[in-house]
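Geometric and topological summary
Residues per chain, in single letters:
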Amino acid sequence: MPHLFSPLTIKDITLRNRIGVSPMCQYSAEDGMPNDWHFVHLGSRAVGGAGLVIVEATAVEPRGRISPEDLGIYTDQHIEPFKRITAFLKEHGAVPGIQLAHAGRKASTYSPWKEKEAPAAGVPNDQGGWDVVGPSAIPFNEGYKEPKELSVEEIKEIQENFRQATIRAREAGFEWMEFHGAHGYLAHSFYSPLSNKRTDEYGGSFDNRIRFVLETVRVMRQEWPENLPFTVRISSTDWVDDGWTLEESIELSKRLKQEGVDLIDCSSGGNLPKAPIPVGAGYQNLFAEKIRHQADIATAAVGMITQGMQADEIIRNERADLVLLARELLRDPYWPLRAAETVHKKNELHIPPQYERGW
Ligand SMILES: Cc1cc2nc3c(=O)[nH]c(=O)nc-3n(C[C@H](O)[C@H](O)[C@H](O)COP(=O)(O)O)c2cc1C
């Protein structure tokens, strides 16, 4: 029976345990370039024992960044600094993953600590912001910019940028791909009926709303080595009756599996400013469990997983194949080492020799 510290093999990649660092924006880049902050932040979590470290949402074009301080991989110059990070992660036993993203109508916003002093969410163009795009001209919320409705030609250009970013990610040494299809960003805003009011082949019916995601994943999958895991983060529900539903997520996951997707990372929400989300311990685990069993695909559970026993239970009872932690790993990069003690798997840990005397 698998447990939190059993290895997980997908294609040619084996994670040393079932603990992954969920992608987390650091709002610390200049022109999308990773720097020492990213190196130390990500590197620490590899040293801390995680099996998988997924780099934050990394934009495939400059206007696809959430804030001007987001990471990007939209030129060949971005490859080298990422290489330094992936090499270190691998050296310390973690698989390096990257989340490729386009923020769509939620782009050009202030980073959280700048937002506190900002008059509106959107960064004006004369202060480093830019015009935003989406499936329809519906802003996310008050203070956000109104997106320009993308033409079919512009959709294809964005998909081409995803393709090129995928090639760069491979060259940078990443071994785990995550397509960001969640949290109200471009892909989610296409599949959710709340933000997509198009009348062409990219809007309306379920098949039309998921077209952008399926096509983009197809383009990326062709460039991503067959033997490496390709995963997709989705928002499993919009949490409102007239929004995207779990049933639709299950169907989308089946279609993604046919496109060669190996795992679905089951998040939720983000496309509505005030959705009634019942945030609490493991509040999204049910999505990972249902999608895993009903779409017959590997899943990652994420959201308010903070305890070793809680994470172990998810794996043991086959609710998900992997757990991803975000905020708990900000509080403690050594969480995997501590969790191993609480679930009595201390012997299966790899403590860096430099730190052995501390354990
Ligand atoms: C600082 C911070 C930055 C985040 N950035 C991203 C991101 O880049 N991409 C993403 O999909 N989710 C992002 N998230 C969401 C997390 O990956 C995770 O899904 C969420 O925080 C729930 O997990 P937790 O309860 O363990 O924090 C971010 C969360 C935090 C706290």
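Along each chain, the written sequence defines residue order, and numbers are assigned to residues from 1. Under the rules for a predicted model, residues below a pLDDT of 70 receive no local features and side-chain atom pairs below 80 are neither given nor counted, while totals for whole chains, interfaces and linings still include all residues. The basis for every side-chain value is the complete set of non-hydrogen atoms in the structure, without hydrogens or water.

Naming follows an unreviewed UniProt entry, where the protein chain appears as 2,4-dienoyl-CoA reductase of Fictibacillus solisalsi. Database annotation for the protein chain, UniProt heading Cofactor (unreviewed entry): "FMN". UniProt positions are given in the numbering used here, feature names are shortened, and annotations may be inferred rather than shown by experiment.

Turning our attention to the packing of helix α8 (residues 246–258) against helix α9 (residues 285–294). Lines are fitted to the C-alpha atoms to define the axes, a helix being fitted only along its stretch in contact, and any angle between axes, read from their N-to-C directions, falls within 0 to 180 degrees. Put simply, DSSP H or I for four residues or longer makes a helix, DSSP E for two residues or longer makes a strand, and each gets a number counted from the N terminus. Between α8 and α9, the shortest axis-to-axis distance is 9 Å and the interhelical angle comes to 45°. Here α9 runs oblique to α8, going by the angle between their axes. As α8 runs across α9, the sense of the crossing is right-handed. Between α8 and α9, the contacting residues are Leu246, Ser249, Ile250, Ser253 and Lys254 on the first element and Phe287, Lys290, Ile291 and Gln294 on the second. Put simply, angles under 35 degrees are roughly parallel, angles over 145 are roughly antiparallel, angles from 65 to 115 are roughly perpendicular, and the rest are oblique. Left-handed describes a crossing whose near helix is turned anticlockwise from the far helix by less than a right angle; the clockwise case is right-handed. Any two residues whose heavy atoms approach within 4.5 Å are treated as being in contact.

The sites that UniProt annotates as "domain: NADH:flavin oxidoreductase/NADH oxidase N-terminal" (unreviewed entry) are residues 4–343. Structurally, residues 4–343 is divided into 34% helix and 16% strand, and its ends, taken at the C-alpha atoms, are 8 Å apart.

Geometry of an aromatic ring pair is reported as the spacing of the ring centres plus the angle between the planes. Within 6.5 Å between ring centres, the rings of Phe, Tyr and Trp (the latter by its six-membered ring) count as paired, and their orientation is classed by plane angle as stacked under 30 degrees, edge-to-face over 60, tilted in between. Tallied over the entire structure, the rule returns 11 aromatic pairs. With 5.4 Å between their ring centres and 65° between their planes, tryptophan 239 and phenylalanine 287 make a pair best called edge-to-face. Separated by 48 residues along the polypeptide, tryptophan 239 in the loop between β10 (230–235) and α8 and phenylalanine 287 in helix α9 bring together distant segments of the chain. In this structure, tryptophan 239 and phenylalanine 287 share a single accessibility class: buried. By the ring-pair criterion, three or more aromatic residues cluster together here, those being Phe190, Tyr202 and Phe212. Throughout this description, the term charge over a ring refers to an Arg CZ or Lys NZ atom that lies within 6 Å of the ring centre and within 35 degrees of the ring normal. We note lysine 106 situated over the ring of phenylalanine 140; from NZ or CZ to the ring centre the distance is 4.4 Å. Just above the ring of tyrosine 185 sits the side chain of lysine 106; from NZ or CZ to the centre is 4.9 Å. Each residue is placed in one exposure class: buried if its accessible area under a 1.4 Å probe, protein chains only, is under 20% of its type's maximum, exposed if it is over 50%, and partly exposed if it falls in between.

For the rest of this paragraph, the subject is the site of the ligand. For the ligand, the set of nearby residues contains 16 residues, the closest of which are Ser22, Pro23, Gln99, Met304 and Arg327. Backbone polar atom of proline 23 to an oxygen atom of the ligand: 2.8 Å apart, as the coordinates give it. Nitrogen and oxygen atoms within 3.5 Å of one another constitute a polar contact, given that in protein one can donate a hydrogen and the other can accept it, and given that sequence-neighbouring residues count only through two side-chain atoms. One of the backbone nitrogen or oxygen atoms of alanine 326 is found 2.9 Å away from an oxygen atom of the ligand. With residues, only the protein chains shown are counted as cover, and all accessible areas are computed by Shrake-Rupley using a 1.4 Å probe. Taken by itself the ligand offers 600 Å² of open surface, and the protein chains cover 82% of this. Classifying every residue of the shell around the ligand gives 8 nonpolar, 5 polar and 3 charged. Proximity is defined per residue: any heavy atom of the residue falling within 4 Å of a molecule or strand makes that residue near it. When residue character is reported, Ala, Val, Leu, Ile, Met, Phe, Trp, Tyr, Cys and Pro are called nonpolar, Asp, Glu, Lys and Arg charged, and the others, Gly included, polar.

Across the 5 residues that make up strand β12 (residues 298–302), a large majority, 5, are buried. Burial of β12 is two-sided: the residues Ala298, Ala300 and Val302 facing one way and the residues Thr299 and Ala301 facing the other way are all buried. Here 4 bridges tie strand β11 (residues 263–267) to β12, and the two strands are oriented parallel to one another. Within the sheet, the bridge partner assigned to leucine 263 lies in β12 and is alanine 298. Look down the strands so they point away from you; if going from the first strand over the helix to the second traces a clockwise path, that crossover is right-handed. For the crossover that starts at β11, traverses α9 and ends in the parallel β12, the hand is right-handed. The pairing of β12 with strand β13 (residues 322–325) spans 3 bridges and is parallel. Of the residues in β13, the one forming a bridge with valine 302 is leucine 324. Handedness of the crossover joining β12 and β13 through helix α10 (residues 308–316) is recorded here as right-handed. Only strands that DSSP links by at least two bridges are regarded as paired with each other.

A word on the pattern of salt bridges. By definition here, a salt bridge exists when the distance from a side-chain nitrogen of Lys or Arg to a carboxyl oxygen of Asp or Glu is within 4 Å. Counted under the stated rule, the structure contains 28 salt bridges. One salt bridge connects arginine 84 with aspartate 36, and the closest N-O pair in it is separated by 3.1 Å. With arginine 84 in helix α2 (residues 79–91) and aspartate 36 in helix α1 (residues 36–47), the pair connects residues that are 48 residues apart, well separated along the chain. The salt bridge involving arginine 63 is made with glutamate 61; its shortest N-O contact spans 2.4 Å. According to the relative accessible area criterion, glutamate 61 is buried, its value standing at 7%.

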